Amino acid sequence: MKCLLCCFDSVGLLLFRRTYGGYPAPPPTILNVLYGCATAAGEHFAALAAVETSDSACTFHVYEERLLLVLLCPNLVRQWEARAALDAVWDAMVLLVGRDALLRPHPELARLLKVVYPLLDILLGSCGRCGTAACTCAHDAALPLGVTTASLEQASEALIEVPGAVEPRPQPPPSRRKHRKRQPPVEQQRGTVQFVLGKALLQFLGQYASAAPSAVFVRNKLAASSPLWDNSIHHKEVTVLGVLLQSLHLALKRDIPVYLPYFIPGENIKPGMIPFRFLTLRLTQQVELVMLCGEAPLLNDLSDAVNFIICTRLTSHDHRVSPRPLAKNSVPGTPSS
């Protein structure tokens, strides 16, 4: 997506500026004009939402009455799409930095916001239709990646091809003719293991995930979740958590502090003020188990519990399958956290 994203503090100092899709970087005077337009409207007790020209559209929004986000993009992008992109950017900022830290002074806040750049590059830097960063398609006005229509209206995209959602196709009865017994094809064996793995994950979500919100992400998209996850996690939080998984380096286990931008932890506590532990366990190349919790459980205990369930289900289904421990072996050529 060809666009320009700017963030200003309450006194007009520029916190960061990000350009995507080959958008030309404007001079500092243009950035001062953008901030001046928003502040001039505020002096007249009005809020400037958007400004359109012959070839561009500029969307403004002030968050927490302090930080101003400005998105400059082609005028083919509709206003509600640009506003949704700004909301996704704000959610990413709250997720990694926290609402309380966003009220800090300029030099310190500018350093803290650097950790959000990988998420912004995925949200705005990739094509919304083909999903590539270096897009050569003729649709500059496509929605950013992660800000899809499904995530805005209802919930984050869920994949249909979830391992374990469809049972393996039964094989036809053997012929009466005597012939040499052949091994099933590799695709069939792999589908059987994926089916058992999916059943084991659903068993984990039913028995061990009642104390903390848990879910299974396939290709960084929500595939299955526990009832506690469905009742407490906002669909916009699911979107930014999926983007966070996509921005992280490949690892078997992670324990990351995050701030949920919409979850209310208690009375008189605003969302995004208290950090949660974001635990991730990589089960396969495309499947990850995630959990949002407090001090308990420990990451190693969670890994051992999942490892025991999967190994038990695999060995009980077929004794010829030798399960590989998830917590002890590392992926070759990838860092471990």
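Residues numbered from 1 in each chain as written. Predicted model: local features only at pLDDT ≥ 70, side-chain atom pairs only at ≥ 80, totals over all residues. Heavy atoms only, no water.

**Q** A description of the pattern of salt bridges should follow, citing residues and the corresponding values.
**A** Considering all chains together, one arrives at 8 salt bridges under this definition. A salt bridge links arginine 104 to glutamate 108; the nearest nitrogen and oxygen atoms lie 2.8 Å apart. Take arginine 104: its relative accessible area is 34%, and that puts it in the partly exposed class. Measuring nitrogen to oxygen at the nearest pair gives 2.8 Å for the salt bridge that ties aspartate 255 to arginine 277. Here arginine 277 lies in strand E9 (residues 276-282) and aspartate 255 lies in strand E8 (residues 253-258), a separation of 22 residues in the sequence. Since its relative accessible area comes to 39%, aspartate 255 is described here as partly exposed. We classify arginine 277 as buried; its relative accessible area is 17%. The network of salt bridges with shared partners includes Arg254, Arg282 and Glu288. (Salt bridge = Lys/Arg side-chain N within 4 Å of Asp/Glu carboxyl O. Buried < 20%, exposed > 50% of the residue type's maximum accessible area, 1.4 Å probe, protein only. Helix = DSSP H or I, 4+ residues; strand = E, 2+ residues; numbered from the N terminus.)

**Q** So, helix H2 (residues 79-97): which residues are in play, and what are the values?
**A** Given a rise of 1.5 Å per residue, 19 residues ought to cover 27 Å, and the 27 Å separating the end C-alpha atoms of H2 matches this to within 8%. The buried count for H2 comes to 16 of 19 residues, which makes it a mostly enclosed element. In the stretch just after H2, glycine 98 is the one whose phi turns positive, near 100°. (Expected span 1.5 Å × (residues − 1).)

**Q** I'd like a description of the packing of helix H4 (residues 117-125) against helix H8 (residues 235-247), backed by residues and values.
**A** Where H4 contacts H8, the axes come no closer than 9 Å and their chain directions differ by 110°. On the basis of the axis angle, H4 is roughly perpendicular to H8. Here Pro118, Leu119, Ile122 and Leu123 of H4 come into contact with H8, specifically with Val240, Val243, Leu244, Gln246 and Ser247. Classifying every residue of the contact of H4 with H8 by side-chain character gives 7 nonpolar, 2 polar and no charged. (Axes fitted to C-alpha atoms, helices over the stretch in contact; angles between N-to-C directions. Parallel < 35°, antiparallel > 145°, perpendicular 65-115°, else oblique. Contact = heavy atoms within 4.5 Å. Nonpolar A, V, L, I, M, F, W, Y, C, P; charged D, E, K, R; others polar.)

**Q** Explain the packing of H2 against H4 residue by residue, including any values.
**A** Packed helices, taken two at a time, are described by the angle between their axes plus the distance between the axes. Running from amino to carboxyl end, H2 crosses H4 at an angle of 165°, the nearest separation of the two axes being 10 Å. Judged by the angle between their axes, H2 and H4 are roughly antiparallel. Our pair here, H2 against H4, has a crossing hand that is right-handed. Residues Ala85, Ala88, Val89, Ala92, Leu95 and Leu96 of H2 form the contact with H4, whose participating residues are Leu119, Leu120, Leu123 and Leu124. Looking at the contact of H2 with H4 residue by residue, the class counts come to 10 nonpolar, no polar and no charged. (Left-handed = near helix turned anticlockwise from the far one by under 90°.)

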